[in-house]
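Residue-level structure breakdown
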Amino acid sequence: MTSLINNPLFSGISAEVLSDDLKDVNYHTKVYRKGDILARQGDICNRLVILTKGSVRGEMIDDSGRLIKVEDITAPRAIAPLFLFGNENRYPVEVTANEAIEIPKTSVLMLFKKNERFLENYMNLSANYAHTLSDKLFFMSFKTIRQKLASYLLRLSGQQQSEQITLDRSQQQLSDYFGVSRPSLARELAHMQEDRLITVDRKQITILRKQELIRLIQ
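Since the structure is predicted, the reported quantities are computational estimates derived from the model, not experimental observations. (Residues numbered from 1 in each chain as written. Predicted model: local features only at pLDDT ≥ 70, side-chain atom pairs only at ≥ 80, totals over all residues. Heavy atoms only, no water.)

A separate point is the packing of aromatic side chains. Each aromatic ring pair is specified by the distance between its two centres and by the angle formed by the two planes. Applying the stated rule across the entire model yields 11 aromatic pairs. For the ring pair Phe85 and Tyr122, a centre distance of 6.1 Å and an interplane angle of 75° mean the geometry is edge-to-face. Placement of Phe85 in the loop between β6 (78–79) and β7 (94–96) and of Tyr122 in helix α4 (residues 116–140) is noted, with a sequence separation of 37 residues between them. Ring centres 5.7 Å apart and planes at 90° place the aromatic pair Tyr152 and Phe178 in the edge-to-face group. On the criterion of sequence distance, the pair formed by Tyr152 in helix α5 (residues 145–160) and Phe178 in helix α6 (residues 171–178) is long-range, its members being 26 residues apart. Look at Tyr152 and you get buried, because its relative accessible area is 4%. Put simply, the rings of Phe10, Phe85, Phe112, Phe118 and Tyr122 touch in pairs and so form one group of aromatic residues. The ring of Tyr177 is capped by Arg169, whose NZ or CZ atom sits 3.9 Å from the centre of that ring. (Phe/Tyr/Trp six-rings, centres within 6.5 Å; stacked < 30°, edge-to-face > 60°. Helix = DSSP H or I, 4+ residues; strand = E, 2+ residues; numbered from the N terminus. Buried < 20%, exposed > 50% of the residue type's maximum accessible area, 1.4 Å probe, protein only. Lys NZ or Arg CZ within 6 Å of the ring centre and 35° of its normal.)

Here it is as structure tokens:
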């Protein structure tokens, strides 16, 4: 129960209320060995999976057969809640896991009826997940790492309202986000600095030629 209470899906719901709501709901805990496949890309998503221990890695295979890391998910988050509903409710990625609680789709619908706060949390979480996925697809649409970086830095500059910006991710996290290797990302940052487009000081980046960055992504 503690692992569920700590999940954002059940934010604002007391342990007592959640315990009562789950009494009439079918769910079970499943333990996976390291490396076991929880879901394969394209499998039907017919249950809500909430990670209770450890972490998972979501990976996607593109049309060329290249393996792309989508995200790391750590307990106590839910896995792909956005894809539980809809006509094409299939897992978009392959997922390996440790231990998770699995709630069938019919039981999730029952919880929606029993607890409005759970429904609201689920909708908010799904909307945030959709936004993150949309962002990732947007950056993957650019062919070069320089284009991805230019777009990303321009977005941060707009958010922080400055041309002296602070990266909100480490280089490893950023390379995972772009679907490229960390050395390739580091090399491109160095090349952009050599070309006097930016200056780099760890997570601090100054945009020197903003119009050149804009031209890169047009």
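The next subject is the pattern of salt bridges. In total, this model carries seven salt bridges according to the counting rule given. Residues Asp195 and Arg146 are paired through a salt bridge, measuring 2.9 Å at the closest nitrogen-oxygen approach. Linking Asp195 in the loop between α7 (182–194) and β10 (198–201) with Arg146 in helix α5, this pair joins segments that are 49 residues apart in sequence. Salt bridges sharing common partners tie together Arg146, Glu188 and Asp195. (Salt bridge = Lys/Arg side-chain N within 4 Å of Asp/Glu carboxyl O.)

Let us look at the nonpolar core. Membership of the largest hydrophobic core comes to 32 residues, with the highest contact counts inside it found for Leu48 and Phe118. Among the elements of the structure, α2 (15–22), β2 (37–39), β3 (47–53), β6, β8 (99–104), α3 (105–114) and α4 are those that each provide at least two residues to this core. Counting residues per element, this core draws most heavily on β3, which supplies four residues. When sequence neighbours within four positions are dropped, the list of residues in contact with Phe118 reads Leu9, Phe10, Ile13, Leu48, Val108, Leu111 and Phe112. If you look at the next biggest cluster of nonpolar residues, it comprises 22 residues, including Ala150, Leu156, Tyr177 and Ile207. (Core = buried A, V, L, I, M, F, W, Y, C linked by side-chain atoms within 4.5 Å. Contact = heavy atoms within 4.5 Å.)

Viewed as axis vectors pointing N to C, α5 and α6 meet at an angle of 115°, and their least axial separation amounts to 11 Å. On the basis of their axis angle, the class for α5 and α6 is roughly perpendicular. The interaxial crossing formed by α5 with α6 has right-handed handedness. Contacts from Lys148, Leu149 and Tyr152 of α5 reach α6 at Leu174, Tyr177 and Phe178. Classifying every residue of the contact of α5 with α6 gives five nonpolar, no polar and one charged. (Axes fitted to C-alpha atoms, helices over the stretch in contact; angles between N-to-C directions. Parallel < 35°, antiparallel > 145°, perpendicular 65-115°, else oblique. Left-handed = near helix turned anticlockwise from the far one by under 90°. Nonpolar A, V, L, I, M, F, W, Y, C, P; charged D, E, K, R; others polar.)

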